[in-house]
Amino acid sequence: MSGGLEGRELTLAYDGRVVAERLDALIPEGSFTAVVGANACGKSTLLRALARLMRPRAGTVLLDGRAIHSIPTKEVARRVGLLPQGVVAPDAITVEDLVARGRYPHQGILRQWSRGDELAVRAAMRATRVGDLAERPVEELSGGQRQRAWLAMVLAQETPFVLLDEPTTFLDIAHQVEVLDLCAELHEREGRTLVAVLHDLNHACRYATHLIAMADGGIVAEGDPTEVVDAALVERVFGLRCKVIEDPESGTPLVVPAMRGRAAAGR
């Protein structure tokens, strides 16, 4: 069993611009947590802090009860995997070589490539269904295929925590669902703790077991999406008037935006 990942009393800032102050964030162990909110509310900044890509101006990120910045980098990388947004593969690298890079945290002076590494890469490629693309250059893949290859690299790290920053950005609706279905399968089958920053609230409600809703650098609601998502929350977080109904497929909350202007008046 893994331990925990949480932020306590975090103040997060870029140079002189403070993004969040006195922020507490607890990622439930074994959850599929979605972080949602309007643009520039601090979602990706929180994820970067949890992944140790930025140091808080104040407060602490704890990994297994230890301050994450006190833990050696490779040890963190064996516990927390991160797929940032907008990653670019090196020129001409194949899918198999990209996925193999996920084994870097397990390498060392006295431990080189092993049969265990090979099995981890194969398992990650099988889980993400990119095995038949192994010899293909990453740059030649479609958007959905490329995202699955990057996810395979993160899975090859074999970390109990997997953090995904907007994993469906720039994908069409079919590939968005494909990637999120895959994430749900990994969460359910392997019991990994997933944390994903998502733009689409309906996707977050359908796939996540735990929701963190952010506004203006703070957390305004968290919990099971079926318990916390209502029209008032959507308007507070996104400034959008809406109705929240039951998704006929999943039974989860489904946000239906209110019609505006002439179209609404004509109904």
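See above for the structure.
Attention here is on the structure that accompanies the text. Please read all numbers here as calculations on a predicted model, not as lab measurements. (Residues numbered from 1 in each chain as written. Predicted model: local features only at pLDDT ≥ 70, side-chain atom pairs only at ≥ 80, totals over all residues. Heavy atoms only, no water.)

**Some remarks on the overall build of the protein**
1) Next: Along the backbone of the protein there are ten helices and twelve strands.
2) Next: Over its C-alpha atoms the protein spans a radius of gyration of 19 Å, differing by no more than 12% from the 18 Å that the globule rule assigns to 267 residues.
3) Next: Seen along its three principal axes, the alpha-carbon backbone of the protein occupies a region of about 70 × 45 × 35 Å.
4) Next: Looking at the protein as a whole, 49% of its 267 residues qualify as buried.
5) Next: Within the protein, residue pairs in contact and separated by at least 24 positions form 65% of the contacts whose partners lie at least 6 positions apart.
6) Next: With an accessible surface of roughly 13100 Å², the protein has 50% of that area assigned to carbon and sulfur atoms.
7) Next: The average position of the 31 basic charges and that of the 36 acidic charges among the side chains of the protein differ by 3 Å. (Helix = DSSP H or I, 4+ residues; strand = E, 2+ residues; numbered from the N terminus. Rg over C-alpha atoms; globule rule 2.2 N^0.38 Å. Buried < 20%, exposed > 50% of the residue type's maximum accessible area, 1.4 Å probe, protein only. Contact = heavy atoms within 4.5 Å. Areas by Shrake-Rupley, 256 points an atom, 1.4 Å probe, with all protein chains shown as cover. Lys, Arg positive; Asp, Glu negative; His and termini not counted. Charge placed at Lys NZ, Arg CZ, Asp CG, Glu CD.)

**Brief notes about the sheet that holds strand β1 (residues 5–14)**
1) Next: With antiparallel pairing, the four strands of this open sheet are ordered in space as β2-β1-β4-β5. Because the sheet does not close on itself, it has two edges, and the strands there are β2 (17–27) and β5 (66–67).
2) Next: When β1 meets strand β4 (residues 58–63), the two strands line up antiparallel, connected through five bridges. Each bridged residue has a counterpart across the sheet, and for threonine 11 the counterpart in β4 is alanine 58. (Pairing = 2+ DSSP bridges.)

**Details of unusual backbone geometry**
1) Next: We note that aspartate 15 has phi near 55°; this positive angle belongs to a residue other than glycine.
2) Next: Among the secondary structure elements, aspartate 15 is positioned in the loop between β1 and β2.
3) Next: You can call aspartate 15 exposed: its relative accessible area is 74%.
4) Next: For aspartate 64, which is not a glycine, the phi torsion comes out positive at approximately 55°.
5) Next: Look at aspartate 64 and you get partly exposed, because its relative accessible area is 34%.

**Regarding the sheet that holds strand β6 (residues 80–83)**
1) Next: Taking strand neighbours across the sheet as the criterion, the six strands line up as β6-β7-β8-β3-β9-β10 in an open arrangement whose pairing is mixed. Edge positions in the sheet fall to β6 and β10 (218–223), since each has one partner strand and no second. Averaged over all neighbouring strand pairs, the angle between strand axes comes to 15°, with direction disregarded.
2) Next: As paired strands, strand β7 (residues 161–165) and strand β8 (residues 193–197) are joined by five bridges and run parallel to one another. Its bridge partner lying in β8, leucine 164 is registered against alanine 196.
3) Next: Its contacts with the sheet put helix α1 (residues 43–50) on β3 (32–37), β6, β7, β8 and β9 (210–215), and the angle it makes with β7 is roughly 150°.
4) Next: Helix-sheet contacts for helix α5 (residues 143–156) involve β6 and β7, and the interaxial angle to β6 is about 165°. (Axes fitted to C-alpha atoms, helices over the stretch in contact; angles between N-to-C directions.)

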